[in-house]
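# Coordinates in review
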Amino acid sequence: MDYPGNLIVVAAPSGAGKSSLVKALLELDAQIQPSVSHTTRAPRGQEKHGREYFFVPDADFDAMVAANGFVEWAHVHGRRYGTSKKAIEDRIAQGADVILEIDFQGAMQIKKTFANAVLIFILPPSWEELRSRLERRGEDAPEVIELRLKNAAIEMAQARNFDFVIINELFDRAVFDLKTIVHAQRLKYLAQVRARADTFKSLHIL
Ligand SMILES: Nc1nc2c(ncn2[C@@H]2O[C@H](COP(=O)(O)OP(=O)(O)O)[C@@H](O)[C@H]2O)c(=O)[nH]1
Ligand SMILES: Nc1ncnc2c1ncn2[C@@H]1O[C@H](COP(=O)(O)OP(=O)(O)O)[C@@H](O)[C@H]1O
């Protein structure tokens, strides 16, 4: 499917810094809107229903799956997470760029449905730094941190399947890289539209 708005997908192991990077990008670029996912996990810290996630019971998630309400969903760290159709379709059809913070399984599903989506993987600079970011964030119990670190090895092996990889060592540098990719994606869309218009014209069908 082809829409005027761009879909930007950001995936990373827990603690690599994707939420912080996406937040910084949203503050810099008013054309981008976040997709708010549904999850069956409980809210942590300052998270608010409808802002970071729609926190829903299992039964509500089941009902949405049955009603075909998700463009993708997956099991991650023992919970379920999904992107509702409502979170993206109308907005990209109207020309907004929508950014999704989802796991690699969801990213692959999105690419199948939206071939023009740009897939970005965020890596931490080292295992030590990943662990210390999870510990410093101070939101997860020790066993939750261990599960997330265990899953990080599986997740990071998927980085090669993404269009771009950003190493989030210096935060400002990583924000700049993210911004550059989004801008390049916009230019790519414009270039495609222009190329198509030229072809149409040369065929005398414009
Ligand atoms: N497939 C899929 N994954 C999601 C979605 N929303 C969040 N996730 C992923 O689920 C994982 C856990 O997210 P979260 O519990 O917020 O922890 P965090 O990674 O430490 O911020 C992360 O990899 C998210 O990117 C979604 O709608 N679909
Ligand atoms: N480049 C960076 N250098 C140091 N700390 C960072 C950097 N990027 C993010 N952090 C910190 O690491 C922790 C995890 O970041 P967060 O954005 O919550 O990760 P994720 O959404 O990938 O789980 C947070 O405390 C955040 O402030």
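What counts, and at which threshold
- Residues numbered from 1 in each chain as written.
- Chains lettered and ligands numbered in written order.
- Predicted model: local features only at pLDDT ≥ 70, side-chain atom pairs only at ≥ 80, totals over all residues.
- Near = placed C-beta within 6 Å.
- Helix = DSSP H or I, 4+ residues; strand = E, 2+ residues; numbered from the N terminus.
- Nonpolar A, V, L, I, M, F, W, Y, C, P; charged D, E, K, R; others polar.
- Core = buried A, V, L, I, M, F, W, Y, C linked by C-beta atoms within 7 Å.
- Buried ≥ 20, exposed ≤ 12 C-beta atoms within 10 Å, placed from the backbone.
- Contact = placed C-beta atoms within 7 Å.
- Axes fitted to C-alpha atoms, helices over the stretch in contact; angles between N-to-C directions.
- Parallel < 35°, antiparallel > 145°, perpendicular 65-115°, else oblique.
- Left-handed = near helix turned anticlockwise from the far one by under 90°.
- Pairing = 2+ DSSP bridges.
- UniProt positions renumbered as here; feature names shortened; annotations may be inferred.

Looking now at the site of ligand 1. Around ligand 1, the structure places 18 residues, and the nearest of them are Ser14, Ser37, Tyr81, Ile102 and Gly106. For the shell around ligand 1, the elements supplying multiple residues, two or more each, are β5 (70-76), β6 (79-84) and α4 (104-113). For the shell around ligand 1, the class distribution of residues is six nonpolar, eight polar and four charged.

Before going further, it helps to spend a moment on the nonpolar core. In this structure, Leu7, Val9, Val10, Ile120 and Ile122 are the most contacted members of the largest nonpolar core, which totals 42 residues. Top contributing element to this core by residue count: strand β8 (residues 118-123), with six residues. With residues near it in sequence (within four places) discarded, Val10 still touches Lys18, Val22, Ile99, Leu100, Glu101, Ile120 and Ile122.

Now for the site of ligand 2. For ligand 2, the set of nearby residues contains 13 residues, the closest of which are Gly17, Ser19, Ser20, Arg133 and Phe171. Residue assignment for the shell around ligand 2 shows that the elements contributing at least two residues are α1 (18-28) and α5 (127-137). Its residues assigned to classes, the shell around ligand 2 comprises three nonpolar, six polar and four charged.

With that out of the way, let us pick up the environment of Val36. Mapped onto the secondary structure, Val36 falls in the loop between β2 (32-34) and β3 (37-39). A C-alpha to C-alpha distance of 9.0 Å links Val36 and Ile88, two positions 52 residues apart in sequence. Apart from the residues lying within four places of it in its own chain, the contact partners of Val36 are Gly50, Tyr53, Phe54 and Ala87.

Where α1 contacts helix α7 (residues 171-202), the two axes come as close as 10 Å, and the packing angle between them is 60°. Between α1 and α7, the interaxial angle falls into the category oblique. When you trace α1 past α7, the crossing you get is right-handed. Contact residues: Leu21, Ala24, Leu25 and Leu28 in α1; Ala174, Val175, Leu178 and Lys179 in α7. The residue inventory of the contact of α1 with α7, partitioned by class, reads seven nonpolar, no polar and one charged.

So, on to the sheet that holds β3. On the basis of which strands lie adjacent, the open sheet formed by four strands has the order β4-β3-β6-β5 and mixed pairing. Since the sheet does not close on itself, it has two edges, and those belong to β4 (53-55) and β5, each with one partner. The mean angle between the axes of side-by-side strands here comes to 25°, regardless of whether they run parallel or antiparallel. Here two bridges tie β3 to β6, and the two strands are oriented antiparallel to one another. Paired with His38 across the bridge in β6 is Gly82. Sitting on the sheet, helix α3 (residues 85-93) is in contact with β5 and β6, with an inclination near 25° to β6.

Pairing in this open sheet of five strands is parallel, and the strands run β2-β7-β1-β8-β9 from one edge to the other. The open sheet is flanked by β2 and β9 (164-167), the only strands paired with a single partner. Along the sheet, successive strands turn relative to each other by an average axial angle of 25°, direction set aside. Where strand β1 (residues 7-11) lies against strand β7 (residues 97-101), four bridges are found, and the strand directions are parallel. Its bridge partner being in β7, Val10 is matched across the sheet by Glu101. Each of β1, β7 and β8 is contacted by α4, which is oriented at about 160° to β1, the strand it contacts most.

Moving on to the UniProt feature "domain: Guanylate kinase-like" (unreviewed entry) in the chain. Per the UniProt record, "domain: Guanylate kinase-like" (unreviewed entry) is found at residues 5-183. End C-alpha to end C-alpha, residues 5-183 measures 12 Å, and it is 44% helix and 23% strand.

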